[in-house]
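# Breakdown of the fold
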Amino acid sequence: MIEFRNVVKRYRGQMAVDGISFSIAEAEVCVLIGPSGCGKTTTLKLINRMLEPSSGEVLLDGHPVASFEPEELRRGIGYVIQSVGLFPHMSVAENVGIVPRLMKWERSRREKRTDELLELIGLDPAQYRRKYPSELSGGEAQRVGVARALAADPPVLLMDEPFGAVDPLNREILQLEFAALQRKLRKTVVFVTHDLDEAIRLGDHVVIMREGRILQHDQPAEVLASPANEFVRQFVGVDRALKRLACFEVGDYMKRAETITREESFGRRNEPNGDGGEHPILWVTNRDQALVGMLEPELNPGSRLVYRPYVALHPDEVGVRPAASLREALSRILGQGLRAAPVISDEGRVLGEVRLSDIEELNQTGIAR
Amino acid sequence: MIHRHPGADLEKTTLLGAVLAGVTLLRPLFAFKENRVALGEPVMLPEAGGAWVTGAVAGLVLAAALLSFAPQVNRVRWAKISIGMLLFVTLVITLGRSGSQTVAGMEFARITPSTGFWVGVLASFVLVQGSLHSAPVSNLVRSVVGLAPFLVVLILLAGGMLDSLAPVQEYYTREARFVSELGAHLWLSGAAVLAASVTGVPLGILAYRRRMAERPVFAVVNGIQTIPSLALFGLMIAPLAYLSREFPVLRSLGIRGIGNAPALIALTLYALLPVVRNAYTSLAVIRGSVIEAGKGVGMSRAQMLRFVEVPIAVPIILSGVRVSTVQAIGNTAVAALIGAGGLGTFVFQGLGQGAPDLVVMGVIPIVLLSVFVDRSLAVVIRALTPRGLKGAPS
Ligand SMILES: Nc1ncnc2c1ncn2[C@@H]1O[C@H](COP(=O)(O)OP(=O)(O)O)[C@@H](O)[C@H]1O
Ligand SMILES: [Mg+2]
């Protein structure tokens, strides 16, 4: 979808982008990451011709971007700029509707689209349409910035540190919203950040840059598992094993869970230990299959299998959803001091469990490579 | 409910208004003069208005004093505003009526308002604006209340009820001259502001766009502003007189060391600073990110102007023009000194002849003109300011 061919960008002798070549597939999120000044913004702006390369070329859908009219090109590429940059004198609706207006859509169609987009980003149109940027919180302004970029339904979206200016808590909310939105819209997204967690959470691919060059272009899990060089190793940090877990979904590592009803649990205190091997936690459910508690086997069983007394559990405190990351699962497991965490549905039903041993194994194989 | 300290209810502004209003009872309302240069005989309010009016004014003073201890709720605010208005109307009407009676049958006799009257007007202003200031009312109501006193005076003037006042008499003896000088005043200030806008806006834009130009442009326009206006007018005389002598063409165009030409040049130079400064600021307030966003959504240069730069910049530029206009109206008064005409002519004549009433006659229309132009431009600017930028510092 987007291809960089040996692109160089110099500012009066200073090298900003130093001969990069890479490509971005359709419908993927490619995250550009690296320290400040490494050329991320420059790379992004070369795509919509906000900047022209000193040499090399950028292709969009196989055509050099230089072959398009800059204004036409930009209207067809959503662009979320680094500092939001909402037009302060325009209402939220006018901001969101600016590209359709430049494209001379009819008013009614524009208004319909604006409302649609506000819904999409989770702002009630009736309430927000007529507000002005100065009346928005940081997070709301960022959302409006995204809506503005999406207005004409462009296939490509450029986002320059879109959540950089909001506090960590809201940033996480915005990231999750963006991930959900992207699952729905499937745009080709070039996303700039200097936040590694954000890159791992959102990127299908991560491009690590330094001083205008690409050091590594890979899937997030790969970057964490095998950094290309010492710089990347340091950049991703000492806790990369932990960070890497954020790349995996619980659903993919879920094992079958043993469940019993509360009535059945009464007799299960003490029984012959058939094989002498490891025994799973028995998750106790009610009539609706919802998690209510557990029976945990003693860790050093002798000839008899001994269960500890029944413990009541709250699904939201111990369970994880299938869409959660293994990193969350690990924190649940360690937080509860158990060997596994139950995987539960939205209704609290037990779908399976994730085991500490599986997570440890995954990390060992990952890091060893 | 917020707990309030008992003393917190004392409204100092209102109390000041009440005290000032009290002065009208103690100081002469006007001075009676047998002719233009005669010394005045003071006339007090009881003598001028009689028992009823005196009692009414005393009542208003008392009411204002009492209300200054009442909590600032809306009803109290409007009561104070009404007191202020009533005081004003009472004083003006009393002045006019008593004046006419006093001068009746005497050809050259006239009256001049004195301390009691002026302090009373000030009291009324304090009472009205002090309460209006914090009242939750629309701008329209604010303007109507603000303009009401002027309207009252205009109606009374038109009805001939203030004819006994010395400044009015000064006016009647020079009616034709007044109209022509008013025209000259308007023409001079208007032309100066127009010239300053036509040159100042591009200068401000240039100063913003070209870093090289910024310092020299501001050095010059700031420098001009520091020259006292009288000196600037004086400075114009010599070079223009010289040019006019050397080049007969210029002389035939009416350009001489004194008169319109030097005044217009000086006034234009003065009017430059606010225009240049605001034109510069109007672009400086448009954040880089906003321009970047405009480019990013695919605006052409023309669209950037139309959708972003003009809507944000124009109200700020006009604010500069507004300041400049009010200044020019004042400065034009000084231009009379170098023979350019305008309402300043009466002021300087009055000063020369030792006739303060003539000075007042010249000054009052200048003040009214400034207030009127200032308010009207404010309304226009408000209407042009996009809603998202209202209340933002500009
Ligand atoms: N307009 C410019 N003129 C000169 N140098 C610039 C300009 N824009 C960026 N640079 C330089 O180019 C390099 C890359 O900048 P940028 O792409 O903005 O970095 P990033 O977005 O990764 O922080 C930096 O060293 C920066 O100083
Ligand atoms: Mg950047």
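Note that the coordinates shown come from a computational prediction; the quantities given were computed from them, not determined experimentally.

### A closer look at the site of ligand 1
All names here are of chain A. In the vicinity of ligand 1, the residues found are Y11, Q14, A16, S36, G37, C38, G39, K40, T41 and T42. Taking T41, its side chain carries an N or O atom lying 2.6 Å from an oxygen atom of ligand 1. Secondary structure elements with two or more residues in the shell around ligand 1: strand 2 (14–24) and helix 1 (40–47).

### Here we look at the packing of aromatic side chains
Residue and element names in this part refer to chain A. Counted under the stated rule, the structure contains twelve aromatic pairs over all chains. Arranged with centres 4.9 Å apart and planes meeting at 10°, the rings of F4 and F22 form a pair that is stacked. Of this pair, F4 sits in strand 1 (residues 2–11) while F22 sits in strand 2; the two residues are 18 residues apart in sequence, bridging distant segments of the chain. In this structure, R262 packs its charged tip against the face of Y310, placed 3.6 Å from the ring centre.

### Observations concerning the environment of A:V144
Residues and elements named next belong to chain A. In this structure, V144 sits in helix 7 (residues 138–150). V144 sits 26 residues away from L118 along the chain, and the two C-alpha atoms are 7.6 Å apart. The contacts of V144, once residues within four sequence positions are left out, are L86, V92, N95, V96, I121, L123 and L136.

### Remarks on the nonpolar core
Residues A:I2, A:F4, A:F87, A:I98, B:M299 and B:V308 are the most contacted members of the largest nonpolar core, which totals 46 residues. Aside from chain neighbours lying at most four places away, what touches A:I98 is A:F87, A:M90, A:R148, B:V297, B:M299 and B:F307. Counting 40 residues, the second largest nonpolar core, distinct from the first, contains A:L86, A:V146, A:F163 and A:I200.

### Side note on the side chain of B:Q303
With respect to the helices, strands and loops of the structure, B:Q303 is situated in helix 13 (residues 301–335). The exposure class of B:Q303 is buried, given its relative accessible area of 14%. If we skip the residues at most four places from it in the chain, B:Q303 touches A:R75, A:L102, B:G298 and B:V308.

### A look at helix 2 (residues 45–67) of chain B
All names here are of chain B. The terminal C-alpha atoms of helix 2, which comprises 23 residues, lie only 24 Å apart, well short of the 33 Å expected from a rise of 1.5 Å per residue. Along helix 2, the largest kink reaches about 100° and is centred on A51. On its buried face, helix 2 sits against helix 1 (12–26), strand 1 (30–33), strand 2 (41–43), helix 3 (74–103) and helix 4 (115–132).

### Some thoughts on helix 8 (residues 168–185) of chain A
Residues and elements named next belong to chain A. Between its first and last C-alpha, helix 8 extends 25 Å over 18 residues, near the 26 Å set by a 1.5 Å rise per residue. Next to the buried residues of helix 8 lie strand 3 (29–33), helix 5 (107–120), helix 7, strand 7 (156–160), strand 8 (188–193) and helix 9 (196–202). Backbone geometry just after helix 8 places R186 at a positive phi near 50°.

### Structural notes on a nonpolar patch on the surface
Residue and element names in this part refer to chain B. A cluster of nonpolar side chains, namely W118, L147, F150, V363, I364, V367, L368 and V371, defines an oily patch on the protein surface of about 630 Å² accessible area. Where the nonpolar patch is concerned, the elements lending two or more residues are helix 5 (139–158) and helix 15 (356–384). By residue number, the principal contributor to the nonpolar patch is helix 15, which donates five residues. Locating I364 in the fold gives a position in helix 15. For I364, a relative accessible area of 39% gives the class partly exposed.

### What about the domain arrangement of chain A?
Size of an interface: often given as the accessible area lost when the parts come together. Splitting chain A by domain gives domain 1 (2–237) and domain 2 (251–366). The C-alpha centroid of domain 2 of chain A is placed 41 Å from the C-alpha centroid of domain 1 of chain A.

### Quick look at the interface of chain A and chain B
With 24 residues of chain A at the interface, the matching set in chain B holds 20 residues. Across the interface of chain A and chain B, roughly 1,900 Å² is buried in total on both sides, 64% from carbon and sulfur atoms. Taken together, the connections running from chain A to chain B amount to one salt bridge. Across the pair B:E292 and A:K45 runs a salt bridge, and its minimum N-O distance is 2.4 Å. Counting every contact that joins chain A to chain B gives five residue pairs in polar contact (both at pLDDT 80 or more).

### A short note on the sheet that holds strand 2 of chain A
Residue and element names in this part refer to chain A. The strand order across the open sheet built from four strands is 2-1-4-5, with neighbouring strands paired in antiparallel fashion. Each edge of the sheet is formed by a strand with only one pairing partner; in this case those strands are strand 2 and strand 5 (63–64). The sheet contact formed by strand 1 and strand 2 spans eight bridges and is antiparallel. From the neighbouring strand, Y11 faces strand 2, where its bridge partner is Q14. Against the sheet, helix 1 touches strand 1, strand 2 and strand 4 (55–60), its axis set at about 120° to strand 1.

### Some words on a positive patch on the surface
Residues A:R130, B:R382, B:R387 and B:K390 make up a contiguous surface patch of positive charge. Take B:R387: it is sitting in the segment after helix 15.

### Quick notes on the sheet that holds strand 1 of chain B
Residue and element names in this part refer to chain B. Within the open sheet, the three strands sit side by side as 2-1-3. Their pairing is antiparallel. A strand with exactly one partner marks an edge of an open sheet, and here the two such strands are strand 2 and strand 3 (110–113). Averaged over all pairs of adjacent strands, the angle between their axes in this sheet comes to 35°, without regard to strand direction. Pairing geometry for strand 1 and strand 3, over four bridges, is antiparallel. In the strand pairing of strand 3, F30 is matched with P113.

### Some words on the packing of helix 7 (residues 175–209) of chain B against helix 11 (residues 260–284) of chain B
Residues and elements named next belong to chain B. It is the contact of helix 7 with helix 11, at a shortest axis distance of 5 Å, that shows an interaxial angle of 40°. On the basis of the axis angle, helix 7 is oblique to helix 11. Crossing hand, helix 7 versus helix 11: right-handed.

What counts and what doesn't
Residues numbered from 1 in each chain as written. Chains lettered and ligands numbered in written order. Predicted model: local features only at pLDDT ≥ 70, side-chain atom pairs only at ≥ 80, totals over all residues. Heavy atoms only, no water. Near = heavy atom within 4 Å. Polar contact = N/O pair within 3.5 Å; in protein donor to acceptor, adjacent residues only side chain to side chain. Helix = DSSP H or I, 4+ residues; strand = E, 2+ residues; numbered from the N terminus. Phe/Tyr/Trp six-rings, centres within 6.5 Å; stacked < 30°, edge-to-face > 60°. Lys NZ or Arg CZ within 6 Å of the ring centre and 35° of its normal. Contact = heavy atoms within 4.5 Å. Core = buried A, V, L, I, M, F, W, Y, C linked by side-chain atoms within 4.5 Å. Buried < 20%, exposed > 50% of the residue type's maximum accessible area, 1.4 Å probe, protein only. Expected span 1.5 Å × (residues − 1). Bend = angle between axes of the 7 residues up to and from the residue. Patch = residues over 30% accessible without salt bridge, like charges linked within 9 Å, V, L, I, M, F, W, Y side chains within 5 Å. Areas by Shrake-Rupley, 256 points an atom, 1.4 Å probe, with all protein chains shown as cover. Salt bridge = Lys/Arg side-chain N within 4 Å of Asp/Glu carboxyl O. Domains from an automatic or database assignment. Buried area = accessible area lost by both parts, 1.4 Å probe. Pairing = 2+ DSSP bridges. Axes fitted to C-alpha atoms, helices over the stretch in contact; angles between N-to-C directions. Lys, Arg positive; Asp, Glu negative; His and termini not counted. Charge placed at Lys NZ, Arg CZ, Asp CG, Glu CD. Parallel < 35°, antiparallel > 145°, perpendicular 65-115°, else oblique. Left-handed = near helix turned anticlockwise from the far one by under 90°.

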